[in-house]
Amino acid sequence: IASRESGGDYNATLDNGRWTDGARDLVNMTIKEILDLQSTMRTPENRALYGNGAGSSALGRYQIVGSTLDGLVKELNLTGEELFSKESHHFWTDL
């Protein structure tokens, strides 16, 4: 996923910023900020293109979607104040 979907970029956004109003410094945002951003990405146009109407909110090196990130927050008992950092990306993929 990292090489094909994001080119290894930790700040990669779905469709190169189309749904996030341009490039974002994701690794310096909190998980709560990322989840909030992901919820705004799923516009009617986005929903028409992705996920059989559900839309997509893929972000980061491993293109983590909102539902997956929300599940990690609950499973790992995170506060949401943690950063969506490079280290977090690797930790989650090692679970």
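Everything quoted here is computed from the prediction, not taken from an experiment. (Residues numbered from 1 in each chain as written. Predicted model: local features only at pLDDT ≥ 70, side-chain atom pairs only at ≥ 80, totals over all residues. Heavy atoms only, no water.)

*Asks:* Looking at this structure, I do not really get the overall build of the chain. What am I missing?
*Replies:* Across its full length, the chain holds 5 helices and 0 strands. Walking the chain from its N terminus toward its C terminus, one meets helices and strands in the order α-α-α-α-α. Relative to a compact globule of 95 residues, whose C-alpha radius of gyration would be 12 Å, the chain shows 12 Å and is just as compact. In the chain, buried positions account for 40% of the 95 residues. A separation threshold of at least 6 residues defines the contact pool for the chain, and within that pool the share at least 24 residues apart is 61%. Surface summary for the chain: the accessible area is close to 5,500 Å², and the carbon and sulfur share equals 48%. (Helix = DSSP H or I, 4+ residues; strand = E, 2+ residues; numbered from the N terminus. Rg over C-alpha atoms; globule rule 2.2 N^0.38 Å. Buried < 20%, exposed > 50% of the residue type's maximum accessible area, 1.4 Å probe, protein only. Contact = heavy atoms within 4.5 Å. Areas by Shrake-Rupley, 256 points an atom, 1.4 Å probe, with all protein chains shown as cover.)

*Asks:* How do you make sense of the packing of helix α2 (residues 31–41) against helix α4 (residues 66–75) when you look at a structure like this?
*Replies:* Each packed pair of helices is defined by two parameters, the angle between the axes and the distance between the axes. Contact geometry of α2 with α4 gives a least axis separation of 10 Å together with a crossing angle of 150°. By the angle between their directions, the pair α2 and α4 is classed as roughly antiparallel. The two elements α2 and α4 meet at a crossing, and its hand is left-handed. Of α4, the residues touching α2 (which contributes Ile-31, Ile-34, Leu-35 and Gln-38) are Gly-66, Leu-69, Asp-70 and Val-73. Split by residue class, the contact of α2 with α4 holds 5 nonpolar, 2 polar and 1 charged. (Axes fitted to C-alpha atoms, helices over the stretch in contact; angles between N-to-C directions. Parallel < 35°, antiparallel > 145°, perpendicular 65-115°, else oblique. Left-handed = near helix turned anticlockwise from the far one by under 90°. Nonpolar A, V, L, I, M, F, W, Y, C, P; charged D, E, K, R; others polar.)

*Asks:* What's the story with unusual backbone geometry in this structure? I'm lost.
*Replies:* Residues apart from glycine generally show negative phi values, whereas peptide bonds are mostly found in trans. Of note, the phi angle at Asp-15 is positive, near 60°, even though the residue is not glycine. Considering the arrangement of structural elements, one finds Asp-15 in the loop between α1 (2–5) and α2. Positioned with a positive phi, Asn-52 is a non-glycine residue whose angle comes to about 50°. You can see Asn-52 is positioned in the loop between α3 (44–49) and α4.

*Asks:* Would you mind showing me how to read the environment of Lys-74 here?
*Replies:* Within the secondary structure, Lys-74 is located in helix α4. In this structure the C-alpha to C-alpha distance between Lys-74 and Trp-19, which are 55 residues apart in sequence, comes to 25 Å. Looking at Lys-74, its side chain comes within polar contact range of the side chain of Asp-70, at 3.0 Å. (Polar contact = N/O pair within 3.5 Å; in protein donor to acceptor, adjacent residues only side chain to side chain.)

*Asks:* Hey, could you run me through the packing of aromatic side chains in this one?
*Replies:* Going through the model one piece at a time under the given rule, you end up with 1 aromatic pair. A centroid spacing of 5.8 Å and a plane angle of 45° characterise the contact between Phe-84 and Trp-92, whose relative ring orientation is tilted. (Phe/Tyr/Trp six-rings, centres within 6.5 Å; stacked < 30°, edge-to-face > 60°.)

*Asks:* Could you clarify how one ought to interpret the side chain of Gln-63 in this entry?
*Replies:* With respect to the helices, strands and loops of the structure, Gln-63 is situated in the loop between α3 and α4. On the basis of relative accessibility, which here comes to 13%, the residue Gln-63 falls in the buried class. One polar contact links the side chain of Gln-63 to the main-chain carbonyl oxygen of Gly-60, over a distance of 2.7 Å.

*Asks:* Any chance you could explain helix α5 (residues 86–93) here in plain terms?
*Replies:* The periodicity of an α-helix, 3.6 residues per turn, causes residues three or four positions apart to be oriented the same way. Where α5 is concerned, the buried positions are Ser-88, His-89 and Trp-92. An end-on view of α5 places all buried positions within 105° of arc, on one side of the element. Contacts made by the buried residues of α5 are with α2 and α4. (Arc of directions from axis to C-beta.)

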